[in-house]
Amino acid sequence: MKSYFAHESSYIDEGAVIGSGTKIWHFSHVMPGAVIGERCNLGQNVVVMPGTRIGNNVKIQNNVSIYEGVELEDDVFCGPSCVFTNVLNPRSHVSRKHEYRPTLVKRGSSIGANATIVCGVTLGEYAFIGAGAVVTSDVPPYGLMVGVPGRLVGWMCQCGERLHLSAGRAACGVCGATYEESTGALRQTNPSRVKAGAS
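Residues numbered from 1 in each chain as written. Predicted model: local features only at pLDDT ≥ 70, side-chain atom pairs only at ≥ 80, totals over all residues. Heavy atoms only, no water.

**Overview of the overall build of the protein**
Check the secondary structure of the protein and you find zero helices and 25 strands. In terms of its C-alpha atoms, the protein occupies a principal-axis envelope of roughly 55 × 45 × 20 Å. The burial tally for the protein puts 39% of its 199 residues in the buried class. Contacts spanning at least 24 positions in sequence make up 15% of the contacts within the protein whose residues lie at least 6 apart. As displayed, the protein offers around 10200 Å² of accessible surface, 50% of which is attributable to carbon and sulfur atoms. Distance between charge centroids for the protein: 4 Å, based on 17 positive and 15 negative side chains. (Helix = DSSP H or I, 4+ residues; strand = E, 2+ residues; numbered from the N terminus. Buried < 20%, exposed > 50% of the residue type's maximum accessible area, 1.4 Å probe, protein only. Contact = heavy atoms within 4.5 Å. Areas by Shrake-Rupley, 256 points an atom, 1.4 Å probe, with all protein chains shown as cover. Lys, Arg positive; Asp, Glu negative; His and termini not counted. Charge placed at Lys NZ, Arg CZ, Asp CG, Glu CD.)

**Focus on the pairing of strand β21 (residues 143–146)**
Pairing of strand β19 (residues 128–129) with β21, which is carried by two bridges, proceeds in the parallel orientation. Its bridge partner lying in β21, I129 is registered against M145. In sequence, β21 turns back onto strand β22 (residues 151–155) through a hairpin of four residues, with G147 there showing a positive phi of about 95 degrees. (Pairing = 2+ DSSP bridges.)

**Examining the pattern of salt bridges**
If you walk through the whole model with that rule in mind, you get six salt bridges. The residue D75 makes a salt bridge to R107 at a minimum N-O spacing of 3.2 Å. Of the two residues, D75 sits in the loop between β12 (70–72) and β13 (77–78) while R107 sits in the loop between β15 (103–105) and β16 (110–111), which places them 32 residues apart along the sequence. For D75, a relative accessible area of 16% puts it in the buried group. On the accessibility criterion, R107 (30% relative accessible area) is partly exposed. (Salt bridge = Lys/Arg side-chain N within 4 Å of Asp/Glu carboxyl O.)

**A closer look at the sheet that holds strand β25 (residues 185–190)**
Here three strands make up an open sheet; going across it, the order is β23-β24-β25 and the pairing antiparallel. If you trace the sheet from one side to the other, it starts and ends with β23 (169–171) and β25, each paired once. Averaged over all pairs of adjacent strands, the angle between their axes in this sheet comes to 25 degrees, without regard to strand direction. Sheet topology note: the strand β24 (residues 178–182)/β25 ladder contains five bridges and is antiparallel. (Axes fitted to C-alpha atoms, helices over the stretch in contact; angles between N-to-C directions.)

**So, the packing of aromatic side chains**
Under the defined criterion, the tally for this structure stands at three aromatic pairs. Where F5 meets W25, the ring centres are 4.9 Å apart and the plane angle is 50 degrees; that geometry is what we call tilted. Here the residue F5 occupies a position in strand β1 (residues 5–6), and W25 occupies one in the loop between β4 (23–24) and β5 (29–30), the gap between them amounting to 20 residues. Residue classification places F5 among the partly exposed positions, given a relative accessible area of 36%. Classification of W25 as partly exposed rests on a relative accessible area of 30%. Pairing Y142 with Y179 gives two aromatic rings, centres 5.1 Å apart and planes at 70 degrees, and the pair type is edge-to-face. You can see Y142 sitting in the loop between β20 (134–135) and β21 and its partner Y179 sitting in strand β24, a full 37 residues away along the chain. According to the relative accessible area criterion, Y142 is buried, its value standing at 7%. (Phe/Tyr/Trp six-rings, centres within 6.5 Å; stacked < 30°, edge-to-face > 60°.)

**Side note on the sheet that holds β1**
Where strands meet in a sheet, backbone hydrogen bonds hold them as pairs that are either parallel or antiparallel. The sheet built from nine strands is open, its strands ordered β1-β4-β7-β10-β13-β16-β19-β21-β22 with mixed pairing. Either end of the sheet is taken by a strand with one partner, and the two such strands are β1 and β22. Where strand β10 (residues 59–60) meets β13, two bridges bridge the pair, whose relative direction is parallel. Counted as the bridge partner of I60 is C78 from β13.

**Comments concerning the environment of S137**
Here S137 is to be found in the loop between β20 and β21. In the structure, S137 is positioned 38 residues away from E99 in sequence and 18 Å away in space, judged by C-alpha atoms.

Below is the structure:
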């Protein structure tokens, strides 16, 4: 008996690995060699290609394709119709399968609706990509990226609230986590009280 749920209209190919408690909804397709962790939720019309890895408690909203070369760590959120790529200069008549560039989305990151993540970048832990942004370079942990091309405009708490720094320090008014900025990077100085998987 399967330990995950797959809607009758979805396709799960032989050779896909799917963790316990995961739900896969209408018209989605999980291909051979894809690895999906536990307690994930894949919305309608999601495609997970061979060779991809998805961690635990990942939420992928409708109309998202996870292409070969993309890895999503635990607790990642992919908004509706966000876009991943795996080749920088695609041509229909030129095969570039040997030129795939890896994309790593680290633990807790959120990607807004219709955002585009250009291949070859890393989104740091708990990064937050605004709706419609186009990310062309690495994003630091807790970084808030907006615009086309995406630019760093601030910092987000692990719980998803915008941080307001004063003298290089910030405290989240919602969860109480504290942060410190140094040389263009942010680090947490005490843990959030928000537990992963609580939402």
